[in-house]
Amino acid sequence: MIRKSMATVVALLTTTSFQAQALTEEASGKSLLNKHCLGCHLPTEDGGLSRISNQRKTPEGWKMSILRMSLMHGLSLGNQESDSKESGNTFDPDSMHTLVKYLADTQGLAPQESQDYRYLLEQDLNQVEEFDPELAVMCGRCHSSARFALQRRTQEEWNLAVDFHLGQYPTAEYSLFGRDRDWLKTAREQSVPELAKRFPFAAEEWNNWQSVAKPDLSGNWLISGHLPGKGNFSAVMSVTATEKDYYSVTVDGEYLDGTPLSGRGDSIVYTGYEWRGLITLDDTKYKQVLAATADGDRLAGRMYEKDQDAIGLHLNAIREHGDAFIQHVFPAHIRQGETATLTLIGRGLRGEPDLPEGISLDKIIEQTDTKMVLQVSAQRDATAGNQALTVAGAEVAVTVYSAINALQVEPAYAVARIGGNGGSEPKLNAVFRARGVDFGADGKPGTEDDLLLDYLDDVEWKTVPRDEVAEKDEDVKFAGSMNPATGVFTPADAGPNPQRFRSTNNAGNLNVQASLSEDDQQVTGSARLLVTVQRWVNPPLK
């Protein structure tokens, strides 16, 4: 459960008296910052602290900085009575949380500053980054490029970051992509000015965000989507404020097949918009990393299993009440000449639906304010393409297609990690989904008339060797198993395997294949899957 220390709670609720103000100051993040950081960071003329006051970061970024101070410099965050050489460093979770909250609120990133790099915050890690080539080489060769893009520093601070890297990682100059250049000269004269220009400490976006009122996110929210291995769902997420920026959460809904879905949890909001939740749904714990819009009407981001960050969904939550809005339609496609059942999820779904030309309404199977189930039929000559389906002025795209000619597997490249088997690191699964592709009237792939359909559920999955070496080493046999119905790949156990050549571990180089029976023919698609070893260094931002 996410919570604050009782002293902080009491202080925030009783700020009208001098005594309460003293309690607030004592329990505040600023007080903790001065108490624990002044030993190394010097006061500045503007009332800040050296190094710290010239940086802005996400909540995860500040957490990493504090953890590094503990691991490398002996920082203790705990009661004085428990701080001793005998007991080692103490790390009080409430103090840690209060300090991160204070820093993220006062020295965070504005929504516009973080929006292009949220995939890293959301642990959506199967991404091929497209970044400035020089910065990607100088900085992104050791960690994601989004990691430095989610920071803001003065030019002096970016220079000091170079010094830190050389002091902490002296091989940076001599390892791959370092030894082919005058690394320090390049860092000083090219990288630092570019970083200071693109990611400056002083920014209009941050000043504007600090000056506006932040939304209260309590109330009922509509959520829907697809949980891998479980199916499509819709639910109401009820959010109740327990104090400023802290919420309790309950979820009540169902899967499309009628199976109930319920859960509860807690959340906290940093920087006025950064929602971080921990929700238990049907005995599975999920993390929520979402961003609120400035008006507080929507939340968008990702929800994923706490111990399996690859298994989750992109989540868009909308307020339960408001103008008509269609959040999802399952499925979002219909074939020419066929009948289909479409389930619309949203709000204000009242009245008759307005269907695309060539699509007729057979009957309304179910209709509430938040759900509409339609049986519809498409004529054989219905216009192919993305067509608008409208209810009460709200619009959603439905793709009319003639045939599925291929499958597009997502992600195109995924990584799974062996684990378990008595070791400290668990297995990390990979999950795949497939979308249909209609080649259009010309029958050729990769042309302008191609149609990309919604995700398909009736797909069969398997793994095959990626190359001759993988086939010789029997990677399919040893690297793990693919669930043929859900697309979830579970890697094998960690550790040496006596059954393999030279007793090597269960890593593997595989292709994932999806197949679908269409008009008595097999339609296929593929993606790459690398099964590799454990990730021993696992910071909040990779």
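Not measured: the values here are computed from a predicted model.

As a further point, take the overall build of the protein chain. For the protein chain, the count of helices and strands is 14 helices and 27 strands. The C-alpha radius of gyration computed for the protein chain amounts to 26 Å, which stays within 12% of the reference 24 Å derived for 542 residues, consistent with globular compactness. Each of the three principal axes of the protein chain carries a C-alpha extent, and together these read 75 × 65 × 45 Å. Counting across all 542 residues of the protein chain, residues that qualify as buried make up 49%.

Backbone hydrogen bonds hold the strands of a sheet together, and the pairing may be parallel or antiparallel. With mixed pairing, the three strands of this open sheet are ordered in space as 12-17-16. The open sheet has two edge strands with one neighbour each: strand 12 (333-335) and strand 16 (385-391). Sheet twist, expressed as the average angle between the axes of neighbouring strands with direction ignored, equals 35 degrees. Here three bridges tie strand 12 to strand 17 (residues 394-401), and the two strands are oriented parallel to one another. Its bridge partner being in strand 17, histidine 333 is matched across the sheet by threonine 399.

Relative to the assigned elements, glutamate 320 resides in the loop between strand 10 (308-319) and strand 11 (325-330). In this structure, glutamate 320 is buried with no salt-bridge partner, the nearest side chain bearing the opposite charge being arginine 319 at 9.3 Å. Apart from the residues within four sequence positions on either side, glutamate 320 is in contact with Asn220, Trp221, Leu222, Val236 and Arg347.

Mapped onto the secondary structure, glutamine 55 falls in strand 1 (residues 55-57). Glutamine 55 sits in the buried class, given a relative accessible area of 7%. The spacing of glutamine 55 and glutamate 157 is 102 residues in sequence and 7.4 Å in space, taken between C-alpha atoms. Beyond its immediate stretch of four places on either side in the chain, glutamine 55 contacts Trp62, Gln107, Arg152, Arg153, Glu157 and Phe201. Side-chain polar atoms of glutamine 55 contact the side chain of glutamate 157, separated by 3.2 Å.

Right, let's get into the confidence of the model for the protein chain. Per-residue pLDDT for the protein chain has a mean of 90; in total, 92% of the residues score no lower than 70. Contacts from residues 80-88, a stretch scored under 50 in pLDDT, to residues over four places away or in other chains number six contacts.

Quick look at the nonpolar core now. Counting 56 residues, the largest nonpolar core has Met237, Trp275 and Leu299 as its most contacted members. Among residues more than four places away in sequence, those in contact with methionine 237 are Gly219, Asn220, Trp221, Ile223, Val249, Thr250, Val251, Trp275, Gln288 and Leu299. Judged by nonpolar contacts, the second largest core, of 27 residues, contains Ala434, Val459, Phe489 and Ala514.

With that settled, the discussion passes to the packing of helix 3 (residues 29-37) against helix 5 (residues 93-106). Running from amino to carboxyl end, helix 3 crosses helix 5 at an angle of 110 degrees, the nearest separation of the two axes being 8 Å. In terms of axis orientation, helix 3 runs roughly perpendicular to helix 5. In this structure, helix 3 contributes Gly29, Lys30, Leu32 and Leu33 to the contact, and helix 5 contributes Ser95, Thr98, Leu99, Tyr102 and Leu103. Taken together, the residues that form the contact of helix 3 with helix 5 break down as five nonpolar, three polar and one charged.

Between its terminal C-alpha atoms helix 5 stretches 20 Å, which fits the 20 Å expected from 14 residues at 1.5 Å a residue. Most of helix 5 is tucked away: 10 of the 14 residues are buried. Within helix 5, the full set of buried residues consists of Asp94, Ser95, Met96, His97, Thr98, Leu99, Val100, Lys101, Leu103 and Ala104.

What counts and what doesn't
Residues numbered from 1 in each chain as written. Predicted model: local features only at pLDDT ≥ 70, side-chain atom pairs only at ≥ 80, totals over all residues. Heavy atoms only, no water. Helix = DSSP H or I, 4+ residues; strand = E, 2+ residues; numbered from the N terminus. Rg over C-alpha atoms; globule rule 2.2 N^0.38 Å. Buried < 20%, exposed > 50% of the residue type's maximum accessible area, 1.4 Å probe, protein only. Pairing = 2+ DSSP bridges. Axes fitted to C-alpha atoms, helices over the stretch in contact; angles between N-to-C directions. Lys, Arg positive; Asp, Glu negative; His and termini not counted. Salt bridge = Lys/Arg side-chain N within 4 Å of Asp/Glu carboxyl O. Contact = heavy atoms within 4.5 Å. Polar contact = N/O pair within 3.5 Å; in protein donor to acceptor, adjacent residues only side chain to side chain. pLDDT = per-residue confidence, 0-100. Core = buried A, V, L, I, M, F, W, Y, C linked by side-chain atoms within 4.5 Å. Parallel < 35°, antiparallel > 145°, perpendicular 65-115°, else oblique. Nonpolar A, V, L, I, M, F, W, Y, C, P; charged D, E, K, R; others polar. Expected span 1.5 Å × (residues − 1).

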